[in-house]
Amino acid sequence: MPTKLRKFDTKVQHLKYKVLRQVAAEAWAGTLYDNVLDIPKKIIPGKQPTMRCCVYKERAILGERVKMAMGGNRENPNVIEVIDIACDECPMGGYEVTNACRGCLAHRCEDVCRFGALSFDENHVAHIDKTKCRECGACSKVCPYSAIRNFRRPCESACKVGAISHGGDGEASIDNGKCISCGACVYACPFGAITDKSYILDVISMLKDKGGNEVYAVVAPAISSQFTYAKLGQVISGLRELGFDSVVEAALGADMVAAAESKELVEKGFLTSSCCPAFVSYIEKNYPELKPFISHNLSPMATISKYIKEHGENRKVVFIGPCTAKKGEMKKTGVSGYVDAVLTFEELQALFDSREIEITALPESELDNASYFGRIFARCGGLSEAVAEAIREQSLDFDVKSCSCDGIEQCKTALLLKSRGKLDANFIEGMACIGGCVGGAGCLTHGEKNKILADKFGEKANDRTIMDAVSSLDE
């Protein structure tokens, strides 16, 4: 595909896409289960390896990717999984002595090591015994030459909740008790060995055999920063070409959330947002004392999906967005009845191409039923602006002091301060991904431009106020 590099950030994403596209194409044709074992050969038809040591290993890994594209391990509740056979190229990592070690006489590294892991050769150069090292980092801190460095694996560095460790053979292992399904490790892994399971087959099944159902596509506002090789209106037309009966903005759900959440904030005096499922999961797992302060409102995805289901019969809802954690949210009590499947933007691109839909050749369709404030939920800070605006529009007497958190590390700092009574804010907006939803793991592209595009999309909204957008639901 000649346009592959303009559609994706990385070649790892493109490889994942090729598997999804082939699986989807077979599913549309009704040949998937007859040809499933041949899919790796169709993706790598030759006998020469393109990425690994041999073509047979490449195909074996592709076979595991096919399983993930078909839904992965159904017994594993986590939507993020490790492909063990693909995770074998990273060094074990940990603290190592570099060639910057000068063989000094002070040996401060040895003095601070409480585990006897440091030794020296005949040139006084330090060496670390990995069987004794406890990765405390004390030696690194005292080295005057900064010669001892912590070489962490990309997945470990990306995971800010400490959910990734190593198995017996060195492969990554995910602790589901800590994981918040944000997908940071998925995007960071240079070998694509960590990935999110796909529900693309569920969506194809809904579209192929509707059984009297209307199938709704609920698109996240972050879509405005994706598919940049085409116009947004053409993407919407593409969804209709796929067979979706209606396309609705999740931003309208965001308007509904802002209107309701502002009242809840005024009533309770302090609140944390509930829009980002990874952030909510982080609170539940690490700050259970703050759980009562999580907004009781459903996320925009669930809110608009609930509205769709409750205002018509025989409706199926597919959410399309940038978020891997949404795949977990759709299974939660109180959400599962409203959202039938979740696709990422990566998967939507594969779905278009599996049907050979060239969206750049399509006419434009409009999305025109949300406010500016609902649409800017896509980037960090947008939710806080929307809540403050909803308070103003509803003439509520309350001074919002918001703390917008850009990534889990900022979320952790804000929650820690709050738990210790030291946070001068009454509303915490938590976004697990850097930049907000526009930086989600399921995005085609990432970068600062995504936030700019989200704001521009908001400025095009026909409904200029939140209450105007919410009122349109009754029309």
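Residue positions are counted from 1 within each chain, in the order its sequence is given. Side-chain atom pairs in this predicted model are given and counted only at pLDDT of 80 or more, local residue features only at pLDDT of at least 70, and totals for whole chains, interfaces and linings cover all residues. Computation of side-chain values covers all heavy atoms of the structure but excludes hydrogens and water.

Before we go on, may I ask you to explain the packing of helix α2 (residues 11-29) against helix α16 (residues 345-354) in this structure?
Packed helices, taken two at a time, are described by the angle between their axes plus the distance between the axes. Each axis is a line fitted through C-alpha atoms, and for a helix only the stretch in contact is used; angles between axes span 0 to 180 degrees, taken between their N-to-C directions. Helix numbers and strand numbers start at the N terminus; a helix is a DSSP run of H or I with at least 4 residues, a strand a run of E with at least 2. Contact pair α2 / α16: the axes reach a minimum separation of 8 Å and the direction vectors enclose 45°. As judged from the angle between their axes, α2 and α16 are oblique. Relative to α16, α2 is oriented so that their crossing is right-handed. Across the interface between the two elements, Q13, K16, Y17, L20, R21, A24, A25 and W28 of α2 pack against E346, E347, Q349, A350, L351, D353 and S354 of α16. Working rule for angles: under 35 degrees goes down as roughly parallel, over 145 as roughly antiparallel, 65 to 115 as roughly perpendicular, anything else as oblique. Throughout, a crossing is termed right-handed when the near helix is turned clockwise from the far one, and left-handed when it is turned anticlockwise from it by less than a right angle. Any two residues whose heavy atoms approach within 4.5 Å at even a single point are treated as in contact.

What should I look at first to understand the packing of helix α12 (residues 250-268) against helix α18 (residues 382-393) in this one?
Taken N-terminus to C-terminus, the directions of α12 and α18 make an angle of 75°; their axes are 8 Å apart at the nearest point. Here α18 runs roughly perpendicular to α12, going by the angle between their axes. Across from A258, A259, E261, S262, L265 and V266 in α12, the residues of α18 making contact are L383, A386, V387, A390 and I391. A breakdown of the residues in the contact of α12 with α18 according to their chemical character gives nine nonpolar, one polar and one charged. In this count, Pro and Cys sit with the nonpolar residues alongside Ala, Val, Leu, Ile, Met, Phe, Trp and Tyr, while Asp, Glu, Lys and Arg are called charged and the others, Gly among them, polar.

Can you help me understand empty space enclosed by the protein in this one?
A water-sized probe, rolled over the atoms, reveals where empty space remains. A cavity, in this analysis, means grid points on a 1 Å lattice covering only the protein atoms where a 1.4 Å probe fits yet has no way out; a pocket is instead an open set bounded by protein on both sides within 12 Å along at least five of seven lines, and a residue lines either one if it has an atom within 4 Å of a point. Grid points are joined across faces, edges and corners, and a volume is the space filled by probe spheres set on the points. Summed over all chains, the structure comprises six cavities of 30 Å³ or more. One number sums up the size of the largest cavity: a volume of about 330 Å³. In terms of lining residues, the largest cavity is bounded by 28 residues, among which C275, P322, C323, K326 and C437 are the most central. Among the elements of the structure, α12, α13 (277-286), α14 (300-310) and α15 (325-329) are those that each provide at least two residues to the lining of the largest cavity. Here the residues of the lining of the largest cavity are counted per class, giving 24 nonpolar, three polar and one charged. Reported here for the second largest cavity is a volume of approximately 200 Å³.

I keep staring at the environment of G167 and nothing clicks. Help me out?
Inspection of the secondary structure puts G167 in the loop between β6 (164-166) and β7 (172-174). Working definition: with a 1.4 Å probe on protein chains only, accessible area under 20% of the residue-type maximum means buried, over 50% means exposed, and in between means partly exposed. Given a relative accessible area of 24%, G167 falls into the partly exposed group. Between the alpha carbons of G167 and D84 there is a distance of 9.4 Å; along the sequence they are 83 residues apart.

Before we go on, may I ask you to explain the packing of aromatic side chains in this structure?
Note on aromatic contacts: the rings of Phe and Tyr and the six-membered ring of Trp form a pair at centre separations within 6.5 Å, being stacked when their planes are under 30 degrees apart, edge-to-face when over 60 apart, and tilted otherwise. Inspection of every chain in the model, using the stated rule, returns six aromatic pairs. Here the aromatic rings of F8 and Y17 are separated by 5.0 Å at their centres, their planes lie at 45°, and the arrangement is tilted. Across the pair, exposure class does not vary: F8 and Y17 are buried alike. With 5.1 Å between their ring centres and 85° between their planes, Y372 and F373 make a pair best called edge-to-face. Just as Y372 is buried, F373 falls in that class too. The ring of F319 carries K326 above its face, with NZ or CZ at 5.8 Å from the centroid. Only lysine NZ and arginine CZ atoms are considered, and such an atom sits over a ring when it is within 6 Å of the ring centre and within 35 degrees of the ring normal. The residue whose ring lies beneath R375 is F457, and the NZ or CZ to ring-centre distance is 3.8 Å.

The values reported here are purely geometric and, on their own, carry no functional implication.
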